[in-house]
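Summary of structural features
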Amino acid sequence: MKIRTLMLGWEFPPYISGGLGTACYGLTKAMGRMGMEVTFLLPRMGPVRMAGNPEMTLESGFPHVRLRAVPSSLIAYGRRGNPPSAQPATTGAAVLEEEPGGPAPYGPNICEEVQRYALRVMKIAESEEFDVIHAHDWMTFPAGIALSARSGKPLVVQVHSTEFDRSGEHVNQYVYDIERHGMHAAARVITVSNYTRNIVVSRYSVPPEKVEVVYNGIDFNDFGQAVPPQAAQVGGDKVVLFLGRITMQKGPEYFLYAAKKVLEREKNVKFVMAGDGDRLYGTIDLAAWLGIGHKVFFTRFLRGAEVDRVYRMADLYVMPSVSEPFGIAPLEALQHNVPVLVSKSSGIAEAFRNALKVDFWDIDEMANKIIAVLRHPPLQETLRTNGRKEALRFRWEDSAARVNEVYHKVLNVA
Amino acid sequence: MASVCFYFQVHQPYRLRHYTIFDSDTNYFDEYKNAQVCRKVAGKCYLPTNRLMLDLIRQHEGRFKIAYSITGVILEQFQEYAPEVLASFQELAQTGCVEFLGETYYHSLSFLFSPKEFAAQIDAHKRVVQDLFGQTPRIFRNTELVYNNALAETLERIGGFDAILAEGADHILGWRSPNFVYRPPNTRRLKLLLKNYRLSDDIAFRFSNRGWREWPLRAEKFGQWVNAVNGNGYTVNLFVDYETFGEHQWEDTGIFEFLRHLPAEILKNPDNNFKTPSEVADAYEAVDVVDVPHLVSWADTERDLSAWLGNPMQSNAIHELYNLEGMVKATGDPDLLAHWRKLQTSDHFYYMCTKWFADGDVHKYFNPYDSPYDSYINFMNVLDNLRSRCTPTVPSLRSSTLVPMPA
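Residues numbered from 1 in each chain as written. Chains lettered and ligands numbered in written order. Predicted model: local features only at pLDDT ≥ 70, side-chain atom pairs only at ≥ 80, totals over all residues.

**Concerning the overall build of chain A**
Under the convention used in this document: Helix numbering and strand numbering both begin at the N terminus, where a helix is a DSSP run of H or I of at least 4 residues and a strand a DSSP run of E of at least 2. Whether a residue is buried, exposed or partly exposed is read from the other C-beta atoms within 10 Å of its own C-beta, which are placed from the backbone; 20 or more gives buried, 12 or fewer gives exposed, and intermediate counts give partly exposed. Two residues form a contact once the distance between their C-beta atoms, set from the backbone, is within 7 Å.
Within chain A, the regular secondary structure consists of 15 helices and 13 strands. Buried positions account for 53% of the 414 residues belonging to chain A. Put simply, 75% of the contacts in chain A that link residues at least 6 apart link residues at least 24 apart.

**Focus: the packing of helix H14 (residues 377–391) of chain A against helix H13 (residues 312–323) of chain B**
Convention followed: In this analysis an axis means a line fitted to C-alpha atoms, helices contributing only their contacting stretch, and an angle means the value between N-to-C directions, from 0 to 180 degrees. Angles are sorted into four bins: roughly parallel if under 35 degrees, roughly antiparallel if over 145, roughly perpendicular if 65 to 115, and oblique for all others. The crossing is said to be left-handed when, going from far helix to near helix, the turn is anticlockwise and less than a right angle, and right-handed when the turn is clockwise. Residues are grouped as follows: Ala, Val, Leu, Ile, Met, Phe, Trp, Tyr, Cys and Pro are nonpolar; Asp, Glu, Lys and Arg are charged; all remaining types, including Gly, are polar.
Where H14(A) meets H13(B), the axes come as close as 8 Å, and the angle between the chain directions of the two elements is 165 degrees. Taken as axis vectors, H14(A) and H13(B) run roughly antiparallel relative to one another. As H14(A) packs across H13(B), the resulting crossing turns out to be left-handed. Across the interface between the two elements, A:Pro378, A:Leu379, A:Glu381 and A:Thr382 from H14(A) touch B:Pro312, B:Met313 and B:Asn316 from H13(B). Looking at the contact of H14(A) with H13(B) residue by residue, the classes come out as four nonpolar, two polar and one charged.

**Overview of the interface of chain B and chain A**
Of the residues lining the interface, 15 residues belong to chain B; the matching set on chain A comes to 17 residues. Among the secondary structure elements, those contributing two or more residues to the side of chain B that touches chain A are H13 and helix H18 (372–388) of chain B. At four residues, H18(B) tops the list of elements feeding residues into the side of chain B that touches chain A. Split by residue class, the side of chain B that touches chain A holds nine nonpolar, five polar and one charged.

**Details of the domain arrangement of chain B**
All names here are of chain B. As a reminder of what qualifies: Each domain span listed reflects an automatic or database assignment of domains.
The assigned domain composition of chain B is domain 1 (2–289) and domain 2 (306–400). The C-alpha-based centres of domain 1 and domain 2 are spaced at 25 Å. For the side of domain 1 that touches domain 2, the secondary structure elements donating two or more residues are helix H1 (31–59) and helix H4 (110–113). By residue class, the composition of the side of domain 1 that touches domain 2 is eleven nonpolar, nine polar and six charged.

**Some thoughts on the sheet that holds strand S7 (residues 191–195) of chain B**
Residue and element names in this part refer to chain B. In plain terms, the rule: If DSSP finds at least two bridges between two strands, the strands pair.
One open sheet holds the five strands; their spatial order is S4-S5-S7-S6-S10, and the pairing between them is mixed. Looking along the sheet, the strands with just one partner apiece sit at the ends: strand S4 (139–141) and strand S10 (288–289). In this sheet, strand S5 (residues 163–167) lies alongside S4 in parallel orientation, the contact comprising three bridges. Following the sheet pairing, Phe 140 is matched in S5 by Ile 164.

**What to know about H1(B)**
Residues and elements named next belong to chain B. Rules: The span you would expect from a helix comes to 1.5 Å times its residue count less one. Note that bend, as reported per residue, equals the angle between axes fitted to the 7 residues terminating at that residue and the 7 residues originating from it.
Over its 29 residues, H1 extends 39 Å from the first C-alpha to the last, a length consistent with the 42 Å expected when each residue adds 1.5 Å. Remark: the principal bend of H1, roughly 55 degrees, maps to Ala 42. Here the buried face of H1 lies against strand S2 (66–70), helix H2 (72–81), helix H3 (83–93) and helix H10 (255–268). Trailing H1 by a residue or two, Glu 61 shows a phi angle of about 45 degrees, which is positive.

**Some points on the domain arrangement of chain A**
Residue and element names in this part refer to chain A. Annotation of chain A at the domain level lists domain 1 (4–217 + 395–411) and domain 2 (221–391). Facing the 22 residues of domain 1 at the interface are 19 residues of domain 2. At the level of elements, helix H1 (19–33), helix H5 (163–167) and helix H7 (194–204) are the ones that each hand at least two residues to the side of domain 1 that touches domain 2. Its residues assigned to classes, the side of domain 1 that touches domain 2 shows seven nonpolar, twelve polar and three charged.

**Concerning the pairing of strand S4 (residues 132–136) of chain A**
The two faces of the sheet receive side chains in turn, since in a regular strand these alternate between them. Residues and elements named next belong to chain A. Where we set the bar: Consider the strands pointing away from the viewer: the crossover is right-handed when the path from the first strand over the helix to the second runs clockwise.
Along S4, five of the five residues are buried, which leaves the element largely enclosed by surrounding structure. Residues of S4 alternate between two faces, with Val 132, His 134 and His 136 on one and Ile 133 and Ala 135 on the opposite face, all of them buried. Where strand S1 (residues 4–8) and S4 come together, four bridges link them in parallel fashion. Each bridged residue has a counterpart across the sheet, and for Thr 5 the counterpart in S4 is Val 132. Handedness of the crossover joining S4 and strand S5 (residues 155–159) through helix H4 (residues 141–151): right-handed.

**Thoughts on the environment of B:Asp291**
All names here are of chain B. Tracing the backbone shows Asp 291 in the loop between S10 and helix H12 (306–309). In this structure Asp 291 comes out as partly exposed when scored by C-beta crowding, with 13 C-beta atoms within 10 Å. For the pair Asp 291 and Arg 341, spaced 50 residues apart in the sequence, the C-alpha separation amounts to 31 Å. For Asp 291, the residues in contact, after removing those within four places along its chain, are Asn 149 and Pro 185.

**Thoughts on the confidence of the model for chain A**
All names here are of chain A. Worth spelling out the cut-off: The predictor rates its confidence in each residue with pLDDT, a number between 0 and 100.
On average, residues of chain A score 85 in pLDDT, and 83% of them are at 70 or above. Every residue in residues 50–60 is under pLDDT 50, and counting partners more than four places away or in other chains gives 15 contacts. This model gives residues 81–107 a pLDDT under 50, and the stretch forms 57 contacts once residues within four places in sequence are excluded.

**Details of the sheet that holds strand S10 (residues 296–300) of chain A**
Residues and elements named next belong to chain A. Here six strands make up an open sheet; going across it, the order is S10-S9-S8-S11-S12-S13 and the pairing parallel. Two strands lie at the open edges of the sheet, namely S10 and strand S13 (356–358), each paired on one side alone. If you compare each strand with its neighbour and ignore which way they point, the axes differ by 20 degrees on average. Strand direction decides the pairing type here: strand S8 (residues 238–243) and strand S11 (residues 316–319), joined by two bridges, are parallel. By the bridge assignment, Val 240 is partnered in S11 with Leu 316. On the sheet, helix H8 (residues 252–265) packs against S8, strand S9 (269–274), S10 and S11 and is oriented at approximately 170 degrees with respect to S9.

**Some details on the nonpolar core**
Threshold: Nonpolar cores are built from buried Ala, Val, Leu, Ile, Met, Phe, Trp, Tyr and Cys residues. These are joined into a set through C-beta atoms within 7 Å.
A:Val121, A:Leu241, A:Leu316, A:Tyr317, A:Val318, A:Ile370 and B:Ile164 are the most contacted members of the largest nonpolar core, which totals 242 residues. Sorting elements by how many residues they give to this core places helix H13 (residues 363–375) of chain A first, with eight residues. Setting aside its immediate chain neighbours within four residues, A:Ile370 contacts A:Val240, A:Ala258, A:Val262, A:Leu316, A:Val318 and A:Leu341.

Quick look at the structure:
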């Protein structure tokens with residue numbers, strides 16, 4: 001049977017601010033390629049615009065996916081990690097869908113906005129036919145729950161990150177309650193790793209048999225040809241790269257503490273921190289306070305060609321996350337031929353072999369491994385070659401096929 | 001006539017401790033871990049298997065014979081961590097039914113990188129076997145059965161050996177059987193004994209595999225396979241890791257029962273007997289020359305050196321290590337020399353192997369590292385420290401403290 005999915009997702013190109021958007025886009029596109037029918041509801045401030053000709057993109061790229069806008073000011077990660085520049089501002093794009101009632105205003109607080117989003121989803125869904133509802137992360141859960149209750153269709157929630165990943169032990173009770181409610185109301189919970197599955201089971205008391213792991217993938221087509229491995233020299237210095245949102249969850253301060261240790265041993269190395277987030281200024285302060293300000297460079301949020309360029313400069317990509325449900329970024333670094341060092345508190349650490357792995361708090365070991373990569377070209381080379389080969393095996397088609405299996409279990413069809 | 005020729009490899013490396021770039025002491029080795037592994041394997045394998053071997057030798061009154069190749073580094077560890085194991089090997093030596101083979105003291109790949117070091121380690125091993133077991137090795141086996149024509153030539157120049165053991169790999173034998181004695185090209189008196197890898201691996205790898213159609217393997221069945229060789233060869237060379245008994249194959253697989261009954265099953269046929277490698281070399285003439293221009297080993301499915309030298313890290317680490325030979329020896333520092341030599345043990349490079357996906361299980365055996373990358377980083381940090389010790393503080397002392405290498 002052909003299952004029709006109503007997907008409550010996040011972020012479509014050209015503006016993707018992080019892993020959640022990348023995952024929703026990659027998964028949906030692969031589902032379309034595999035002939036699964038998806039209606040993707042996208043929260044947008046203002047009309048949905050696509051770069052170039054959107055009709056063409058949708059029909060030729062993934063014919064089974066329809067995109068509909070939900071007027072909402074909700075953005076992935078809330079206001080925690082978004083670059084100011086990521087606000088939608090496309091020009092020259094065609095309007096895909098009628099804009100009902102003008103841009104949705106920013107709600108005075110997030111709770112109201114989440115409720116408003118849910119109401120609008122209910123309204124839009126009245127004109128949709130679907131078999132299963134698939135909601136991504138907590139802000140879409142109330143909408144998913146309500147819609148499931150009204151339509152009688154089963155709800156699948158996918159957890160890309162939990163409140164514990166984002167906030168450590170200082171969880172926002174309101175957010176936690178919504179997450180928990182969504183997980184319990186759902187027929188199945190999809191997590192992006194066993195790491196996250198364990199959190200869902202132990203911290204949200206979800207029965208383990210209800211939780212399925214579906215790893216993320218990476219987009220082949222965007223990286224068809226390898227970037228030349230020759231690093232663009234930065235005054236002869238080696239470059240260690242942090243690329244991601246600069247938030248508590250991503251562990252930027254551990255990167256800096258390790259950088260200081262590295263600099264005690266290696267002079268010709270620079271540290272680049274690419275990204276924005278609520279810890280940006282604190283992190284800049286910390287670099288200065290550690291006395292390594294002259295060796296650490298903050299680029300702010302990068303996109304497109306800038307990302308390619310910073311990868312070309314890099315000798316090593318470091319993901320020192322305190323808690324990382326999956327971690328697509330290291331796979332992207334490897335696609336750009338940059339070897340990776342990742343935190344053991346991540347999904348990618350459990351799923352991937354050809355990476356260096358450290359405990360995020362183990363500054364000495366992080367520095368030890370960074371120095372080893374900088375000093376020993378054969379290590380860099382082996383990590384790069386084997387890592388890239390392994391990264392290419394993380395295909396969105398496989399993730400989509402797993403999601404399809406989950407749908408079949410939920411609908412109890414063969 | 002079919003002779004069964006058993007040789008068991010006994011070896012454990014000195015594993016390195018976690019050593020970062022911030023460490024500066026010279027305690028490179030993980031004493032706790034090495035003692036722990038040594039005692040664990042002693043309890044599960046060495047002691048019970050030695051006891052069983054001793055029983056079998058006594059029971060069969062000289063008709064059951066075996067050979068061991070025991071590396072210098074595990075003999076040192078026995079002395080330090082499990083002296084009762086050493087005593088039980090010495091008891092076996094006194095039966096007259098046990099032969100001890102020669103190899104490189106440090107279980108090294110020195111043949112590939114330094115002929116001088118290779119010769120020195122063979123000599124050091126010979127002396128420790130003489131000291132501990134009262135025998136002079138006449139048969140040589142190189143680390144991991146790494147072998148080619150050049151090794152045979154080198155060994156003949158070194159002298160003192162009658163035969164070499166090697167892997168009976170299909171690609172070197174072609175249509176020929178491993179159950180005969182061969183000789184290498186360009187040598188005058190050395191013989192070549194080749195491992196019957198099918199029958200050896202039936203014991204070492206397949207014994208407990210329930211998916212194998214011969215499972216469960218009993219001594220009786222194995223005896224019949226050996227009988228089948230009668231008329232098609234002289235000798236069945238069964239070369240296996242000693243840890244097969246009790247460690248690779250746990251006791252509950254029935255491996256000890258298999259071993260207990262095997263000699264009687266073999267000897268049931270009056271045409272069969274047991275011979276040690278030197279007895280095989282004495283008893284049978286070489287039937288043909290086996291030409292091995294390229295290196296072979298007994299590892300993995302490839303039977304080549306890719307498990308130790310297959311990726312850039314392994315190649316880099318071992319070359320850097322041997323590049324220090326002159327500097328290390330020039331210091332005349334015996335501790336430094338011993339450390340440098342312990343780093344030559346092939347296991348260190350095996351841990352750096354990235355061919356995991358096919359051969360993963362075997363590579364994990366007592367591997368102290370989570371990944372080959374960690375292993376390389378650790379090794380290079382130790383090597384970096386070792387290199388820093390090679391610079392004599394008083395340069396003028398350098399030439400006067402030169403210690404001559406053993407011949």
